[in-house]
Amino acid sequence: MDSTGTESSTGTGAGEDRATVSLTKATPAPAPAPTPAEVLDLQSHDTFVIRKKLSLTAGEYVVSAARPDGSEGEPVAYAREKRLSLRGQVTVYADASRKSVLAAFKGRDHEVGYLYDVRDASGQSFGSFHEDAGASLLRRTWQVRQPGTMKLTGRERSRVVAFVRFVWEFVPYLEYVPFVWPYRFTYTESGKPLMTVTKKLGLHTRYVLEILAPDIDRRLAIAHTLALDVLEVD
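Computed from a predicted structure; not experimentally measured. (Residues numbered from 1 in each chain as written. Predicted model: local features only at pLDDT ≥ 70, side-chain atom pairs only at ≥ 80, totals over all residues. Heavy atoms only, no water.)

Notes on the overall build of the chain
Phase 1 of the analysis: Along its length, the chain carries four helices and twelve strands.
Phase 2 of the analysis: Expressed as a percentage of its 234 residues, the buried residues of the chain come to 38%.
Phase 3 of the analysis: In the chain, once contacts between residues fewer than 6 apart in sequence are set aside, the share between residues at least 24 apart is 39%.
Phase 4 of the analysis: Looking at the chain as shown, the accessible area adds up to about 13600 Å², and 57% of this sits on carbon and sulfur atoms. (Helix = DSSP H or I, 4+ residues; strand = E, 2+ residues; numbered from the N terminus. Buried < 20%, exposed > 50% of the residue type's maximum accessible area, 1.4 Å probe, protein only. Contact = heavy atoms within 4.5 Å. Areas by Shrake-Rupley, 256 points an atom, 1.4 Å probe, with all protein chains shown as cover.)

Comments concerning the pattern of salt bridges
Opposite charge on two side chains permits pairing when their charged atoms draw close.
Phase 1 of the analysis: Evaluated as defined, the whole model comprises nine salt bridges.
Phase 2 of the analysis: Note that Asp-46 and Arg-218 form a salt bridge whose closest N and O atoms lie 2.6 Å from each other. On the criterion of sequence distance, the pair formed by Asp-46 in the loop between α2 (36-43) and β1 (47-53) and Arg-218 in helix α4 (residues 218-230) is long-range, its members being 172 residues apart.
Phase 3 of the analysis: Since its relative accessible area comes to 41%, Asp-46 is described here as partly exposed. (Salt bridge = Lys/Arg side-chain N within 4 Å of Asp/Glu carboxyl O.)

Describing the environment of Ala-65
Phase 1 of the analysis: Position of Ala-65 among the secondary structure elements: in strand β2 (residues 59-66).
Phase 2 of the analysis: Among the residues examined, Ala-65 registers a relative accessible area of 9% and is labelled buried.
Phase 3 of the analysis: Ignoring anything within four residues of it in the chain, the contact list for Ala-65 reads His-45, Thr-47, Phe-48, Ser-71, Glu-72, Gly-73, Glu-74 and Val-76.

Let's talk about the sheet that holds strand β10 (residues 184-189)
Phase 1 of the analysis: Pairing in this closed barrel of twelve strands is antiparallel, and the strands run β1-β2-β3-β4-β5-β6-β7-β8-β9-β10-β11-β12 around the ring. The sheet shows a mean angle of 20° between the axes of neighbouring strands, direction not considered.
Phase 2 of the analysis: Sheet topology note: the strand β4 (residues 89-93)/strand β5 (residues 101-110) ladder contains five bridges and is antiparallel. Looking at the pairing, Val-90 lines up with Phe-105 of β5. (Pairing = 2+ DSSP bridges. Axes fitted to C-alpha atoms, helices over the stretch in contact; angles between N-to-C directions.)

Topic: the pairing of β4
Phase 1 of the analysis: Within β4, four of the five residues are buried, which leaves the element mostly enclosed by the surrounding structure.
Phase 2 of the analysis: The pairing of strand β3 (residues 72-81) with β4 spans four bridges and is antiparallel. Bridging across to β4, Tyr-78 finds its partner in Tyr-93.

Shown next as structure tokens:
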């Protein structure tokens, strides 16, 4: 209160202004969505090579459009795994600077075990996948859902590799080591093959994703392929 008996509001207003500024600075800006051209370009490719980069800080991947000879061509996406995420959490970016988000997934509890919703930059889900625990006892099996379009069942092709993987997970200490043997998954709907994922043998972790149906969202297919690697030792 000043000498005239009028209460002064100068200090309070300044404090509110500072609080407002502080809150504004603390709120992160949402990740920008990719441009329609970036999404259309991704959708125009049918075969991708996904390579895991060597990194001590996080799981990082480069997604390239495959050349006719099967080698890596132009990079079309980049991905990064969140370390120490028990349920698997990966973000796929349209650019190497990781400013434009194409897709992201994270596991959540569900009646099927863990369900992985794949969402765009705005948080809108456009697909999901989960492991079929019962079928996976013999051969690892996944269910991939794209609402309004298709329901894919992905199954490990080789029974021999599936058996070796099964034994691998029960050998002491090996269950914490990624399964190094190459393998292949075939994804079908009503018995018709629509997608394949092949893990290649080599010094570097590489996957070849081949899509045989034009309606499959490439972002969903790439996200699921990344999950095969990220969740391999779960």
